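Take a look at the letters that make up each chain.
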Amino acid sequence: QVQLVESGGGLVQAGDSLRLSCAASGRFFSMYFMGWFRQAPGKEREFVSAITRRGDRTYYADSVKGRFTISRDNAKNTVFLQMNSLKPEEAAVYYCAAVMGDSDSFEYPQTYDYWGQGTQVTVSS
(Lines give C-alpha, C1' and ligand atoms only; values in the text may rest on other atoms or scores of the structure.)
Protein backbone atom coordinates (compact mmCIF):
# COMPACT_ATOMS: atom_id res chain seq x y z
CA GLN A 1 0.00 0.00 0.00
CA VAL A 2 1.14 3.57 -0.65
CA GLN A 3 -0.01 6.94 0.67
CA LEU A 4 0.27 9.96 -1.59
CA VAL A 5 0.51 13.64 -0.65
CA GLU A 6 0.55 16.37 -3.29
CA SER A 7 2.02 19.82 -2.83
CA GLY A 8 3.08 22.81 -4.88
CA GLY A 9 -0.25 24.16 -6.00
CA GLY A 10 -1.15 27.82 -5.74
CA LEU A 11 -2.35 30.93 -7.51
CA VAL A 12 -0.46 32.00 -10.60
CA GLN A 13 -1.05 34.19 -13.60
CA ALA A 14 -1.59 32.90 -17.11
CA GLY A 15 1.76 32.02 -18.64
CA ASP A 16 3.41 31.28 -15.32
CA SER A 17 4.87 27.99 -14.15
CA LEU A 18 4.30 25.69 -11.20
CA ARG A 19 5.99 22.52 -10.07
CA LEU A 20 3.81 19.99 -8.32
CA SER A 21 5.22 17.27 -6.13
CA CYS A 22 3.69 14.02 -4.96
CA ALA A 23 5.40 12.36 -2.02
CA ALA A 24 4.72 8.69 -1.44
CA SER A 25 5.04 6.83 1.80
CA GLY A 26 5.07 3.10 2.14
CA ARG A 27 7.33 0.58 0.57
CA PHE A 28 8.30 -0.21 -2.97
CA PHE A 29 7.54 3.14 -4.59
CA SER A 30 9.59 2.10 -7.60
CA MET A 31 7.06 -0.64 -8.31
CA TYR A 32 4.25 1.86 -8.91
CA PHE A 33 3.21 3.41 -12.18
CA MET A 34 2.33 7.03 -11.42
CA GLY A 35 -0.15 9.40 -12.98
CA TRP A 36 -1.37 12.98 -12.65
CA PHE A 37 -4.99 13.92 -13.15
CA ARG A 38 -6.94 17.13 -12.71
CA GLN A 39 -10.53 17.97 -11.97
CA ALA A 40 -12.21 21.32 -12.38
CA PRO A 41 -15.56 22.12 -10.73
CA GLY A 42 -18.42 20.45 -12.54
CA LYS A 43 -16.12 18.46 -14.78
CA GLU A 44 -14.87 14.91 -14.84
CA ARG A 45 -11.43 13.99 -13.67
CA GLU A 46 -9.10 14.06 -16.65
CA PHE A 47 -5.75 12.55 -17.41
CA VAL A 48 -2.76 14.88 -17.52
CA SER A 49 0.39 12.79 -17.51
CA ALA A 50 1.89 9.47 -16.44
CA ILE A 51 5.28 7.84 -15.98
CA THR A 52 6.47 4.27 -15.87
CA ARG A 53 8.04 2.68 -12.80
CA ARG A 54 11.59 3.31 -13.93
CA GLY A 55 10.78 6.68 -15.46
CA ASP A 56 11.89 5.56 -18.90
CA ARG A 57 8.59 6.37 -20.58
CA THR A 58 6.26 9.28 -20.11
CA TYR A 59 2.80 10.05 -21.43
CA TYR A 60 0.88 13.29 -21.79
CA ALA A 61 -2.57 14.51 -22.67
CA ASP A 62 -2.47 16.30 -26.01
CA SER A 63 -3.47 19.55 -24.35
CA VAL A 64 -0.31 19.68 -22.21
CA LYS A 65 2.33 18.22 -24.54
CA GLY A 66 5.30 20.50 -24.84
CA ARG A 67 4.38 22.48 -21.72
CA PHE A 68 4.22 19.92 -18.91
CA THR A 69 6.95 17.51 -17.85
CA ILE A 70 6.54 14.55 -15.53
CA SER A 71 9.48 13.03 -13.70
CA ARG A 72 10.17 10.87 -10.68
CA ASP A 73 12.89 10.31 -8.14
CA ASN A 74 12.55 6.78 -6.83
CA ALA A 75 15.25 7.36 -4.23
CA LYS A 76 13.09 10.11 -2.73
CA ASN A 77 9.72 8.44 -3.34
CA THR A 78 8.50 11.48 -5.23
CA VAL A 79 6.94 12.24 -8.59
CA PHE A 80 6.89 15.73 -10.06
CA LEU A 81 4.85 17.64 -12.59
CA GLN A 82 6.49 20.73 -14.03
CA MET A 83 3.82 22.91 -15.59
CA ASN A 84 4.82 25.78 -17.85
CA SER A 85 2.76 28.35 -19.73
CA LEU A 86 -0.29 27.68 -17.63
CA LYS A 87 -3.68 28.66 -18.98
CA PRO A 88 -6.75 29.85 -17.05
CA GLU A 89 -8.72 26.82 -18.22
CA GLU A 90 -6.18 24.57 -16.50
CA ALA A 91 -7.26 25.72 -13.08
CA ALA A 92 -8.28 22.59 -11.18
CA VAL A 93 -7.47 20.32 -8.32
CA TYR A 94 -4.51 18.23 -9.38
CA TYR A 95 -4.22 14.67 -8.12
CA CYS A 96 -1.48 12.12 -8.27
CA ALA A 97 -2.33 8.46 -8.46
CA ALA A 98 -0.54 5.13 -8.29
CA VAL A 99 -1.01 1.59 -9.50
CA MET A 100 1.26 -1.40 -9.01
CA GLY A 101 3.08 -2.39 -12.18
CA ASP A 102 3.01 -0.68 -15.55
CA SER A 103 -0.25 -0.05 -17.35
CA ASP A 104 -1.47 0.63 -20.86
CA SER A 105 -4.73 2.04 -19.53
CA PHE A 106 -3.04 4.95 -17.82
CA GLU A 107 -5.52 7.54 -19.09
CA TYR A 108 -8.39 6.12 -17.06
CA PRO A 109 -8.86 7.04 -13.40
CA GLN A 110 -10.25 3.59 -12.62
CA THR A 111 -6.87 2.09 -13.49
CA TYR A 112 -5.30 3.53 -10.35
CA ASP A 113 -5.63 2.11 -6.87
CA TYR A 114 -4.24 4.95 -4.77
CA TRP A 115 -4.91 8.68 -4.83
CA GLY A 116 -3.68 11.73 -3.03
CA GLN A 117 -5.94 14.41 -1.59
CA GLY A 118 -5.15 16.85 -4.38
CA THR A 119 -3.59 20.28 -4.62
CA GLN A 120 -5.41 23.35 -5.94
CA VAL A 121 -4.02 25.17 -8.96
CA THR A 122 -5.61 28.51 -9.79
CA VAL A 123 -4.63 30.41 -12.92
CA SER A 124 -5.74 34.01 -13.29
CA SER A 125 -6.09 35.63 -16.69
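One can find the structure itself at the top, above this paragraph.
The structure reproduced in this document is the subject of the present report. (Residues numbered from 1 in each chain as written. Predicted model: local features only at pLDDT ≥ 70, side-chain atom pairs only at ≥ 80, totals over all residues. Heavy atoms only, no water.)

1. A look at the sheet that holds strand β1 (residues 2–7)
The antiparallel open sheet is built from four strands, whose spatial order is β1-β3-β8-β7. Because the sheet does not close on itself, it has two edges, and the strands there are β1 and β7 (68–73). The average angle at which neighbouring strand axes cross in this sheet is 15°, direction not considered. Pairing geometry for β7 and strand β8 (residues 78–83), over six bridges, is antiparallel. Considered in β8, the bridge of Phe-68 is made with Met-83. (Pairing = 2+ DSSP bridges. Helix = DSSP H or I, 4+ residues; strand = E, 2+ residues; numbered from the N terminus. Axes fitted to C-alpha atoms, helices over the stretch in contact; angles between N-to-C directions.)

2. With respect to the pattern of salt bridges
When the charged atoms of two side chains with opposite charge come close together, those side chains can pair. Tallying each qualifying case throughout the model produces six salt bridges. Here Asp-62 ties to Lys-65 by a salt bridge, and the two come within 3.1 Å at their closest N and O atoms. Here Asp-62 and Lys-65 have matching classes, each one exposed. What you see here is one network of salt bridges that share partners, running through Arg-38, Glu-46, Arg-67 and Glu-90. (Salt bridge = Lys/Arg side-chain N within 4 Å of Asp/Glu carboxyl O. Buried < 20%, exposed > 50% of the residue type's maximum accessible area, 1.4 Å probe, protein only.)

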